[in-house]
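So you can see what is in the structure, the chains are spelled out below.
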Amino acid sequence: MRIGILTSGGDAPGLNAVIRGAVLKGDKLHGQQFVGFRNGWKGLVESDIVPLGRHEVKGIAKQGGTILGTSRTNPFEGNGGPDRIREILAENEIDSLIAIGGEGTLAAARRLTDEGLPIVGVPKTIDNDISATDYTFGFDTAVQIATDAMDRLRTTGDAHGRCMIAEVMGRHVGWIAMHSGMAAGAHAILIPEQRTTMEQITEWVTSAHDRGRSPLVVVAEGFILDGTNDPHSERGLDAFGRPRLGGIGETLAPAIEAATGIETRATTLGHIQRGGTPTSYDRVLATRLGMAVLDLAMQKQWGCMVALRGTEIVQVPFADALGKLKTVPQERYDEAAVLFG
Ligand code: F6P
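Residues numbered from 1 in each chain as written. Predicted model: local features only at pLDDT ≥ 70, side-chain atom pairs only at ≥ 80, totals over all residues. Heavy atoms only, no water.

1. Side note on the nonpolar core
Then step 1. Formed by 78 residues in total, the largest nonpolar core has its most connected members in I5, I98, I100, V122, F137, L252 and I256.
Then step 2. With 8 residues, helix α9 (residues 280–298) is the single largest residue contributor to this core.
Then step 3. Built from parts of two domains, this core gets at least three residues from each of domain 1 (2–137 + 278–321) and domain 2 (139–275).
Then step 4. Setting aside residues no more than four positions away along its own chain, I100 makes contact with I5, L6, T7, S8, L15, V18, I19, T105, V122, K124 and F137. (Core = buried A, V, L, I, M, F, W, Y, C linked by side-chain atoms within 4.5 Å. Buried < 20%, exposed > 50% of the residue type's maximum accessible area, 1.4 Å probe, protein only. Helix = DSSP H or I, 4+ residues; strand = E, 2+ residues; numbered from the N terminus. Domains from an automatic or database assignment. Contact = heavy atoms within 4.5 Å.)

This is the structure we're talking about:
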């Protein structure tokens with residue numbers, strides 16, 4: 001048996017640990033051979049293959065990014081499609097494919113398995129928005145990076161008596177904002193799931209300032225201010241035709257300053273949250289998922305992926321992870337909001 005591995009969509013710290021976990025377990029227990037496809041589905045459709053043995057995965061669990069490269073390519077577009085992919089797999093004597101990716105990747109993998117292709121998956125996103133898994137690797141690292149940044153913003157904010165806005169990633173969900181904001185003691189957390197009025201934000205900022213604090217406002221890139229229709233976007237569309245987000249913090253800063261009279265500065269953390277060394281939590285989770293997806297492939301459980309439930313790694317069909325995002329529940333937001341202001 002020869003297994004192909006690809007990483008697709010936005011990168012997340014821990015991708016390399018997944019690859020290493022699968023390759024080492026497969027090599028050690030089953031004498032399994034592996035190859036990598038470069039740059040996601042693109043490499044599969046173009047038959048862009050690299051060797052992937054013990055040597056290639058040596059010491060990579062601590063490396064951010066992905067040794068295979070990634071892209072936001074749709075395998076059904078251009079020269080792609082199930083017949084072409086079946087041909088490439090046969091030509092290269094590959095019996096199964098491990099696809100590591102987010103919602104878009106898993107949806108494509110599901111369509112391809114419906115066409116009879118032998119694919120298993122590993123869910124990935126720093127946003128932590130995939131249903132059917134409690135956490136995705138990369139999320140913990142992103143939260144740690146954001147928290148560190150906010151701790152720094154607070155000291156400079158305190159020095160000047162300013163209101164500081166930290167904008168974090170989170171296209172549809174506010175998990176990074178909720179966790180990093182709570183960890184950093186934010187005075188307001190603004191997330192895509194909760195439309196919030198300018199009056200409410202002003203009240204929280206003013207109340208913190210009146211107590212002698214320098215307010216910290218955390219905002220997820222996908223936040224929609226009450227009274228507006230869409231998240232802030234001024235950077236065109238991505239490869240899937242979705243608006244590129246980012247910049248809501250810079251928009252809120254003058255509005256908060258005008259409403260409160262408190263000098264306000266915004267920082268957009270952007271891709272810094274996706275870069276660098278994964279935390280030990282993410283390395284362990286990713287390694288376990290990599291080892292477990294190898295089992296899925298050996299058992300020929302096509303159309304399934306591995307997921308975290310509590311502390312256990314379980315097997316679930318792609319369908320369970322798709323269609324509905326894992327949003328921040330109302331009670332989690334209400335719990336955090338008690339400490340706002
Ligand atoms: O899905 C993960 C994510 O980091 C989102 O939070 C963000 O909107 C998007 O990817 C950015 O994508 P890109 O790296 O293509 O700019």
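2. Quick look at the site of the ligand
Then step 1. Neighbouring the ligand are R72, I126, D127, M169, G170, R171, E221, H271 and R274.
Then step 2. Within the contact set of the ligand, an oxygen atom lies 2.8 Å away from a side-chain nitrogen or oxygen of D127.
Then step 3. Here an oxygen atom of the ligand sits 2.8 Å away from a polar atom, N or O, in the side chain of R274.
Then step 4. Most atoms of the ligand, that is more than half of them, are within 2 Å of grid points of the largest pocket.
Then step 5. Here the residues of the shell around the ligand sort into 2 nonpolar, 2 polar and 5 charged.
Then step 6. Among the domains, domain 1 (2–137 + 278–321) and domain 2 (139–275) are the pair contributing at least three residues each to the shell around the ligand. (Near = heavy atom within 4 Å. Polar contact = N/O pair within 3.5 Å; in protein donor to acceptor, adjacent residues only side chain to side chain. 1 Å grid on protein atoms, 1.4 Å probe; cavity = no way out; pocket = protein on both sides within 12 Å on 5 of 7 lines; lining within 4 Å. Sits in = over half its atoms within 2 Å of the grid points. Nonpolar A, V, L, I, M, F, W, Y, C, P; charged D, E, K, R; others polar.)

3. Describing the packing of helix α1 (residues 15–30) against α9
Then step 1. With their axes 7 Å apart at the nearest point, α1 and α9 run at an angle of 45° to one another. Regarding the angle of α1 to α9, the classification is oblique. Along this stretch, α1 crosses α9, giving a crossing that reads as right-handed. Here A17, V18, R20, G21, A22, K25, G26 and H30 of α1 come into contact with α9, specifically with R283, A286, T287, G290, M291, V293, L294, D295 and M298.
Then step 2. Of the residues belonging to the contact of α1 with α9, the class tally is 8 nonpolar, 5 polar and 4 charged. (Axes fitted to C-alpha atoms, helices over the stretch in contact; angles between N-to-C directions. Parallel < 35°, antiparallel > 145°, perpendicular 65-115°, else oblique. Left-handed = near helix turned anticlockwise from the far one by under 90°.)

4. Comments concerning the domain arrangement of the chain
Then step 1. What the domain assignment lists for the chain is domain 1 (2–137 + 278–321) and domain 2 (139–275).
Then step 2. Together, R72, I126 and D127 form the three largest contributors to the area buried by domain 1 at its contact with domain 2, with a combined 41%.
Then step 3. Our enumeration of links across domain 1 and domain 2 arrives at 1 salt bridge.
Then step 4. Between D11 and R274 there is a salt bridge, with the nearest N and O atoms lying 2.9 Å from each other.
Then step 5. At the boundary of domain 1 with domain 2, the tally comes to 8 residue pairs in polar contact (both at pLDDT 80 or more).
Then step 6. Class assignment of the residues belonging to the side of domain 1 that touches domain 2 gives a composition of 6 nonpolar, 7 polar and 5 charged. (Buried area = accessible area lost by both parts, 1.4 Å probe. Salt bridge = Lys/Arg side-chain N within 4 Å of Asp/Glu carboxyl O.)

5. Here we look at helix α8 (residues 248–260)
An α-helical segment advances 3.6 residues per turn. Residues three or four places apart therefore align on the same side.
Then step 1. The terminal C-alpha atoms of α8 lie 18 Å apart, and with 13 residues this matches the ideal 18 Å at 1.5 Å per residue to within 8%.
Then step 2. All of the buried residues in α8 are I248, G249, L252, A253, I256 and T260. Looking straight down α8, one finds its buried side chains confined to an arc of 135°; they lie on one side. When the buried face of α8 is taken as reference, the exposed residues oriented beyond 90 degrees from it are P254 and A258. (Expected span 1.5 Å × (residues − 1). Arc of directions from axis to C-beta.)

6. Some thoughts on unusual backbone geometry
Then step 1. The phi angle at N39 is positive, at roughly 60°, despite the residue not being glycine.
Then step 2. Along the chain, N39 turns up in the loop between β2 (33–37) and α2 (41–45).

7. Some remarks on the layout of surface pockets
Gaps left between atoms are located by rolling a probe of water-molecule size over the structure's atoms.
Then step 1. When its volume is computed, the largest pocket comes out at roughly 900 Å³.
Then step 2. R72, R171, D238, R242 and R274 are, among the 40 residues lining the largest pocket, the residues nearest its centre.
Then step 3. Elements with a contribution of two residues or more to the lining of the largest pocket: α4 (103–114) and β6 (163–168).
Then step 4. Residues belonging to the lining of the largest pocket are distributed by class as follows: 11 nonpolar, 14 polar and 15 charged.
Then step 5. Composition of the lining of the largest pocket by domain shows at least three residues from each of domain 1 (2–137 + 278–321) and domain 2 (139–275). (Points joined across faces, edges and corners; volume = space filled by probe spheres on them.)

8. Side note on helix α3 (residues 82–91)
Then step 1. Turning to α3, its buried residues number three or more, namely P82, I85, I88 and L89. Around the axis of α3, the buried residues are gathered within 125° of arc, so they sit on the same side. Along α3, the residues that are exposed and aim more than 90 degrees away from the buried face are D83, A90 and E91.
Then step 2. In this structure, the buried side of α3 is in contact with β2, α2 and α4.
Then step 3. Directly beyond the C-terminal end of α3, a positive phi value near 50° is found at E93.

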